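Close look at the chain arrangement
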Amino acid sequence: MDDVPPDLSGHTAVRQVPRHNGAMPSRRDPTDMPERAEVAYRSISGSSRMMTLRFLLDHPKSTVAAIADATGVSPASARVSLTDLEEAGYVTADVEGQRNGRTVRYSADRGKFVDDLSLLWSWMVR
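Under an unreviewed UniProt entry, the protein has the name Winged helix-turn-helix domain-containing protein and belongs to Herbiconiux gentiana.

A short note on a nonpolar patch on the surface
A contiguous nonpolar patch, built from W121, M124 and V125 and spanning about 370 Å² of accessible area, is present on the exposed surface. Mapped onto the fold, M124 is located in helix α5 (residues 110-125).

So, helix α3 (residues 64-71)
Residues three or four positions apart in an α-helix share a direction because the helix packs 3.6 residues into each turn. Looking only at α3, the buried set comprises V64, I67, A68 and T71. Angular distribution of buried residues about the axis of α3 spans 95 degrees; they occupy a single face of the element. Across from the buried face of α3, at angles greater than 90 degrees, the exposed residues are D69 and A70. Buried residues along α3 sit against α2 (47-58), α4 (75-88) and β2 (106-108). The positive-phi residue at the C-terminal boundary of α3 is G72, with phi of around 85 degrees.

What to know about the packing of aromatic side chains
In total, this model carries 1 aromatic pair according to the counting rule given. Geometrically, the ring pair formed by Y90 and F113 is edge-to-face, given 5.2 Å between the ring centres and 80 degrees between the ring planes. In this pair, Y90 is assigned in the loop between α4 and β1 (91-93) and F113 in helix α5, connecting sequence segments 23 residues apart. For F113, a relative accessible area of 9% corresponds to the buried category.

Rules behind the numbers
Residues numbered from 1 in each chain as written. Predicted model: local features only at pLDDT ≥ 70, side-chain atom pairs only at ≥ 80, totals over all residues. Heavy atoms only, no water. Patch = residues over 30% accessible without salt bridge, like charges linked within 9 Å, V, L, I, M, F, W, Y side chains within 5 Å. Areas by Shrake-Rupley, 256 points an atom, 1.4 Å probe, with all protein chains shown as cover. Salt bridge = Lys/Arg side-chain N within 4 Å of Asp/Glu carboxyl O. Helix = DSSP H or I, 4+ residues; strand = E, 2+ residues; numbered from the N terminus. Buried < 20%, exposed > 50% of the residue type's maximum accessible area, 1.4 Å probe, protein only. Arc of directions from axis to C-beta. Contact = heavy atoms within 4.5 Å. Phe/Tyr/Trp six-rings, centres within 6.5 Å; stacked < 30°, edge-to-face > 60°.

Encoded structure:
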């Protein structure tokens, strides 16, 4: 107990043992969750993705700037969220080919999202 500083109050000092190494806890995903339910879960598990998707469900054909202004999400976070949501199949862009220098407007696919969210809900309450 040489590394414990002396306690000047007269009480016996107790060495504190850390419960973990200070790193973020590892994320454990359920192995039996249906794939599309997991896509829905991941889409709403991040606040930027959730707020972006929620906004687009009510405001189709929105730009990154409009999403950022309305939700308080930074334009960079909105772009990352939009990329993730496009890969999930919940968001589409109305531009073909290269997007650089062009105004891109995004819309959400409510039906696909609701279908996947229903799978998530069914898995949760089974």
